[in-house]
Amino acid sequence: MARSASNISNFNQLRESLGETLDGLLSGKVDVDTANAVSRVSDSITQTINAELNYTAKTGAVTVIDFLEQREMAKKDKKKALEKLR
């Protein structure tokens, strides 16, 4: 079955979890209600990220949305990325 929500820290992991859920649904290991619940939560996460992106675009704010970044990025690399945006 799909990873727990506490282990999903970026968009790639969310995508992977959705794929695992779909595989589980097709194999019969995940029931339809659970798959629907995962889909609704994933949609909420995506809508939240979209709202953050819209806010950033409209305000011109320079920001990094952590969920879209890989957690492995070192703080110094994140600082460099932000400096490039300025």
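Anyway, here's the lowdown on the structure attached to this text. (Residues numbered from 1 in each chain as written. Predicted model: local features only at pLDDT ≥ 70, side-chain atom pairs only at ≥ 80, totals over all residues. Heavy atoms only, no water.)

1. A look at the overall build of the protein
Formally: Comment: elements are numbered from the N terminus, with helices defined as DSSP H or I runs of at least four residues and strands as E runs of at least two. A simple rule labels every residue: compare its accessible area, found with a 1.4 Å probe on the protein chains alone, to the largest value its type can have, and call it buried under 20%, exposed over 50%, or partly exposed in between. To measure how exposed things are, a 1.4 Å probe is used in the Shrake-Rupley method; for residues, cover is taken only from the protein chains shown.
Assigned secondary structure in the protein consists of three helices and zero strands. The helix and strand sequence of the protein, counted from the amino end, reads α-α-α. Of all 86 residues assigned to the protein, the portion counted as buried reaches 17%. Here the protein displays about 6500 Å² of accessible surface, and carbon together with sulfur accounts for 53% of that area.

2. Side note on the packing of helix H1 (residues 11–27) against helix H2 (residues 32–59)
A pair of packed helices is characterised by two quantities: the angle between their axes and the separation of those axes. Convention followed: Only the stretch in contact is used when fitting a helix axis, every axis being a line fitted to C-alpha atoms; angles between N-to-C directions are given from 0 to 180 degrees. Oblique is the label for any angle not under 35 degrees, not over 145, and not in the 65 to 115 range, which are roughly parallel, roughly antiparallel and roughly perpendicular in turn. A crossing counts as left-handed when the near helix is turned anticlockwise from the far one by less than a right angle, and as right-handed when that turn is clockwise. Here a residue-residue contact requires only that any non-hydrogen atoms of the pair lie within 4.5 Å. Residue classes follow a fixed rule: Ala, Val, Leu, Ile, Met, Phe, Trp, Tyr, Cys and Pro count as nonpolar, while Asp, Glu, Lys and Arg count as charged, and any other residue, Gly among them, counts as polar.
Running from amino to carboxyl end, H1 crosses H2 at an angle of 160°, the nearest separation of the two axes being 10 Å. Taken together, the axes of H1 and H2 lie roughly antiparallel to each other. H1 and H2 meet at a crossing whose hand is left-handed. Contacts from Phe11, Leu14, Leu18, Thr21 and Leu25 of H1 reach H2 at Val32, Ala35, Val38, Ser42, Ile45, Thr46 and Ile49. Class assignment of the residues belonging to the contact of H1 with H2 gives a composition of nine nonpolar, three polar and no charged.

3. Topic: a nonpolar patch on the surface
Note the cut-off: Each patch is built from residues that are more than 30% exposed by relative accessible area and take part in no salt bridge. Like charges join if they lie within 9 Å; nonpolar side chains (Val, Leu, Ile, Met, Phe, Trp, Tyr) join within 5 Å. Note on definitions: salt bridges are taken to be side-chain nitrogens of Lys or Arg within 4 Å of carboxyl oxygens of Asp or Glu.
Among the surface-exposed residues, Leu22, Leu25, Leu26 and Val32 lie close enough to one another that they form a single nonpolar patch of about 380 Å² accessible area. If you tally residues by element for the nonpolar patch, the top one is H1, at three residues. Among the secondary structure elements, leucine 25 is positioned in helix H1.

4. Considerations on H2
Note the threshold: Expected helix span is computed as 1.5 Å times (number of residues minus one). Any pair of N or O atoms that falls within 3.5 Å is considered a polar contact. Within protein, one atom must be able to donate a hydrogen and the other to accept it, and sequence-neighbouring residues count only if both atoms are side-chain atoms.
Taking 1.5 Å of rise per residue, 28 residues should cover 40 Å, and H2 covers 40 Å from first to last C-alpha, within 8% of that figure. Taken together, the buried positions of H2 are Ala35, Ser42, Ile49 and Thr56. On its buried face, H2 sits against H1. If you check the start of H2, you find a side-chain oxygen 3.1 Å away from the backbone N of aspartate 33, and it comes from aspartate 31.

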